[in-house]
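Tertiary structure, described
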Amino acid sequence: FDIVMTGSIDVIDDPLHLGVSDGEEHRRWCTSKSKVKQTSMKEEQKEINRWFALWASQMISLVKPGGIVIIEANSKPRCEVGAWGGVSKEWWAQAI
């Protein structure tokens, strides 16, 4: 294909099955002083990063060399926005 496009990449709700899918609950976990909660949120973000990398790599595999890949909407990391987490702008430059 000359161009591959998606409106957005679906987010994973509670990828580690922690029972934390509410945005307000995420904020509490992300700002908690608990090592366990902080580590869990970091691991959760790694899973989200892997999910986005999988989507993007599949899209890249469909486009011909020199083609265009478009992802229109992308959310910021979950600890920055709450329930619907994505990846940082910096992540794109490193991951793909």
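The rules behind each value
Residues numbered from 1 in each chain as written. Predicted model: local features only at pLDDT ≥ 70, side-chain atom pairs only at ≥ 80, totals over all residues. Heavy atoms only, no water. Buried < 20%, exposed > 50% of the residue type's maximum accessible area, 1.4 Å probe, protein only. Helix = DSSP H or I, 4+ residues; strand = E, 2+ residues; numbered from the N terminus.

Overview of unusual backbone geometry
For Asp-14, which is not glycine, the phi dihedral falls at a positive 60°. On the accessibility criterion, Asp-14 (11% relative accessible area) is buried. In the Ramachandran plot, His-17 falls in the positive-phi region, its phi being about 55° despite a non-glycine side chain. The topology assignment puts His-17 in the loop between β1 (3–8) and α1 (23–31). Judged by its relative accessible area of 70%, His-17 falls in the exposed class.

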